[in-house]
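# Structure assessment
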Amino acid sequence: MATTSEMQRRATKSGENRKRAEEVLARCRRLASFSEDQGSLRRTFLSPPMIDCHREIAYWMEPLGVQVRVDSAGNLRAFYAGIRPDAPRLMMGSHLDTVPNAGAYDGMLGVVLAVSLLEALGGRKLPFGIEVVGFSEEEGVRFGIPFIGSRGLAGRIDEELLGSEDARGISIRKAVENFGLNPAEIPQVCLTKDYLGFIEFHIEQGPVLENLGLPLAAVDSIVGQSRLEFTFFGRSNHAGTTPMNLRYDALATAAQWITAVECRARNTEGLVATVGRIEARPGATNVIAGETRLTLDVRHSTDEIRIQAVNDLVDLAKGISDRRGLTIEWSVLLEQRAVPMDSFLMNEIEKSMKAIGCLPHRMMSGAGHDAMIMAEKIPAAMILLRTPGGISHDPSESVAVEDVEKAIDCGLQLLDQLASSNVLQERMGLA
Ligand code: GLV
Ligand code: MN
Ligand code: MN
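Residues numbered from 1 in each chain as written. Chains lettered and ligands numbered in written order. Predicted model: local features only at pLDDT ≥ 70, side-chain atom pairs only at ≥ 80, totals over all residues. Heavy atoms only, no water.

### Points about the coordination of the manganese ion (ligand 3)
Put simply, the rule reads: Only N, O and S atoms count as donors, using a 2.8 Å limit from the metal and a wider 3.2 Å limit for Na, K and Ca, and since water is excluded some coordination spheres may look unfilled. Put simply, DSSP H or I for four residues or longer makes a helix, DSSP E for two residues or longer makes a strand, and each gets a number counted from the N terminus. Using a 1.4 Å probe on the protein chains alone, a residue whose accessible area is under 20% of its type maximum counts as buried, one over 50% counts as exposed, and one in between counts as partly exposed.
Coordination of the manganese ion (ligand 3) by the protein is provided by Asp-106 (OD), Glu-139 (OE), Glu-139 (OE) and His-393 (NE2), with metal-donor distances spanning 2.0 to 2.6 Å. In terms of primary sequence, the donors binding the manganese ion (ligand 3) are separated according to D-x32-E-x253-H. Separating the manganese ion (ligand 3) and the manganese ion (ligand 2) is a distance of 3.5 Å, and Asp-106 donates to both of them. With Glu-139 in the loop between β4 (129-135) and α4 (148-153) and His-393 in the loop between β16 (380-385) and α12 (401-419), this pair connects stretches of sequence that are 254 residues apart. Of the residues examined, His-393 reaches a relative accessible area of 42% and is grouped as partly exposed.

Listed below in structure tokens is the structure:
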């Protein structure tokens, strides 16, 4: 049984962490005010509001005496040294870019929570350093290709990727230069120091935890995803004079395929497939569309099932176009396998949940996360927070202050556990 003084210490800590949780939410909302769009949040890779976002986070961290910098892939990196300045590092954070018309918590919560955990340490040094990272790009909005920031750390930004262009014809290389960074230095972003692992807090973005009545979960694996781009080529013509049987309508053909995509996913357990963007050209009421561009996003926890679905959907697109006398082109923008999280870190997260009185729960993440890229390089793990209504990628996205408080309790407990863990001592060469 806890002693009176232990109970008092916990109560004080709990009051402090509630205040921290309130501040975390206020800070996320503050970051959400830095947007490319008036009246809604959109902050894509290295867009001007990202500068404000970096400046704001650096300002919060000034009192902590940490070094804050922006690496050549546009990631914010802040280093809080351990007891020994050269001690290995634990990395914590998430992404700072957003989808269009975004909520305030997807990605940002993970960065702000990491800053809050450093503050909660109150200057206390751990046997390892802590590096907070705010990834420059996870969503794939500007270039159609996600995880640009974490790919930098994993050493996976190559010439081909740097040449990818956004809708205005600006390449990633040029965007990096325009932000005042040097693309030639991107290879140096690849992690070489001794990192013990990466921990990412993130909203669940789905309804599972709410349905279970649980505030937090440890992620056991992150689903694999494929992203593709399709173009259907027909013939544009007059909408009034061209009989229905003599048309090569690229939009109607695409529409037939979109419903086939939905049907294919509905008929396979656990498969999700989305056409999230469509653009018809020339795009006028009285002109039959001659060309339609679409995106496809396919996810499943089993890579073989996802890959088979993608192949089937390409075949369906070809078949539907052939029958209507159209042609198609397609390209693969992303092919990301499903990734398990590190079992040691996962166990420690569950232990920390138990220690703060939360029922531990493990679940798969249906959303993609930087942790899946970091897992290629260092042990990675994630903690999900319950998402009210399961709503995300929408301005009504939210998270409860009580759950953020639990996440802070859990994070501090986890840091303490890791600081005294024999496994980490061994990894750090201290045992
Ligand atoms: C990121 O939010 C994704 O899963 O698409
Ligand atoms: Mn995210
Ligand atoms: Mn997202």
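We are not done yet, so read on.
### Section: the packing of aromatic side chains
Which entries qualify depends on this criterion: What counts as a ring pair is set by centres within 6.5 Å for rings of Phe, Tyr and Trp (its six-membered ring), and what kind of pair is set by the plane angle: stacked under 30 degrees, edge-to-face over 60, tilted for all other angles. By definition, being over a ring means that NZ of Lys or CZ of Arg is both within 6 Å of the ring centre and within 35 degrees of the ring normal.
Per the counting criterion, the structure on display carries four aromatic pairs. Here the aromatic rings of Phe-230 and Trp-257 are separated by 4.6 Å at their centres, their planes lie at 45°, and the arrangement is tilted. Residue Phe-230 is found in strand β7 (residues 224-233), and its partner Trp-257 is found in helix α8 (residues 250-266); the two are separated by 27 residues along the sequence. Pair check on accessibility: Phe-230 and Trp-257 agree, each one buried. One aromatic cluster is present, formed by Phe-230, Phe-232 and Trp-257 through successive ring pairs. Its guanidinium or amino end placed over the ring of Tyr-80, Lys-125 lies 4.3 Å from that ring's centre, counting from NZ or CZ.

### Let's talk about the coordination of the manganese ion (ligand 2)
For the manganese ion (ligand 2), every protein donor is listed as His-95 (NE2), Asp-106 (OD) and His-202 (NE2), and the spread of their distances is 2.1 to 2.3 Å. In primary-sequence terms, the residues that donate to the manganese ion (ligand 2) follow H-x10-D-x95-H.

### A word on the pattern of salt bridges
Quick note on the threshold: Counted as salt bridges are all cases of a side-chain nitrogen of Lys or Arg within 4 Å of a carboxyl oxygen of Asp or Glu.
If you walk through the whole model with that rule in mind, you get 29 salt bridges. Arg-27 is the partner of Glu-119 in a salt bridge, and the nearest nitrogen-oxygen pair spans 3.1 Å. Here the residue Glu-119 occupies a position in helix α3 (residues 108-120), and Arg-27 occupies one in helix α1 (residues 4-31), the gap between them amounting to 92 residues. In this structure, Lys-351 engages Glu-348 in a salt bridge whose closest nitrogen and oxygen atoms are separated by 3.1 Å. Of this pair, Lys-351 and Glu-348 are both found in helix α10 (residues 343-355), three residues apart, which corresponds to roughly one turn of the helix.

### Details of the nonpolar core
Nonpolar side chains tend to gather and get buried jointly when the protein is soluble and globular. Filter applied, for reference: By convention a nonpolar core is built from buried Ala, Val, Leu, Ile, Met, Phe, Trp, Tyr and Cys residues, the set being connected through side-chain atoms within 4.5 Å. We call two residues in contact whenever any of their non-hydrogen atoms come within 4.5 Å of each other.
Judged by nonpolar contacts, the single largest core of 109 residues is most densely connected at Ile-57, Phe-128 and Val-404. In terms of residue count, α12 provides more of this core than any other element does, 10 residues in total. Contacts of Phe-128, omitting those with residues within four sequence positions, involve Gly-82, Ala-87, Pro-88, Leu-90, Leu-196, Leu-415, Leu-418, Ala-419, Leu-424 and Met-428.

### Quick notes on unusual backbone geometry
A negative phi angle characterises most non-glycine residues, just as the trans form characterises most peptide bonds. Cis geometry marks the peptide bond from Arg-281 to Pro-282; its omega dihedral reads 5°. The backbone of Leu-46 sits at a positive phi, close to 55°, despite the residue not being glycine. Here Leu-46 lies in the loop between α1 and α2 (48-61). The buried category is assigned to Leu-46, whose relative accessible area is 7%. Although it is not a glycine, Gln-205 adopts a positive phi angle of roughly 70°. Tracing the backbone shows Gln-205 in the loop between β5 (195-203) and α7 (208-212). For Gln-205, a relative accessible area of 17% puts it in the buried group.

### Re the packing of α3 against α12
If you want to describe how two helices pack, look at the angle between their axes and the distance between the axes. Here is the rule: Structural elements are reduced to axes, namely lines fitted to C-alpha atoms, with helices fitted over the stretch in contact, and the angle between N-to-C directions of any two is expressed from 0 to 180 degrees. Reported orientations rely on four angle classes, namely roughly parallel under 35 degrees, roughly antiparallel over 145, roughly perpendicular from 65 to 115, and oblique for the rest. We call a crossing left-handed when the near helix sits turned anticlockwise from the far one by less than a right angle, and right-handed when that turn is clockwise. When residues are grouped by polarity, Ala, Val, Leu, Ile, Met, Phe, Trp, Tyr, Cys and Pro land in nonpolar, Asp, Glu, Lys and Arg in charged, and all others, Gly among them, in polar.
Between α3 and α12, the least distance of the axes is 10 Å, while the angle of their chain directions is 55°. In terms of their interaxial angle, α3 and α12 are classed as oblique. Between α3 and α12 lies a crossing whose hand is right-handed. Along the contact surface, α3 presents Leu-109, Leu-113, Ser-116, Leu-117 and Ala-120, while α12 presents Val-404, Ala-407, Ile-408, Gly-411, Leu-412 and Leu-415. Across the contact of α3 with α12, the residue classes break down as nine nonpolar, two polar and no charged.

### Side note on the packing of α2 against α3
As a packed pair, α2 and α3 sit with axes 10 Å apart at the nearest point and diverge in direction by 15°. Taken together, α2 and α3 sit at an angle that is classed as roughly parallel. For the pair α2 and α3, the sense of crossing is right-handed. In contact with Ile-57, Trp-60 and Met-61 of α2, α3 contributes Val-111, Val-112, Val-115, Leu-118 and Glu-119. Residues of the contact of α2 with α3, tallied by class, amount to seven nonpolar, no polar and one charged.

Treat this as a map of the structure, not an account of what it does.
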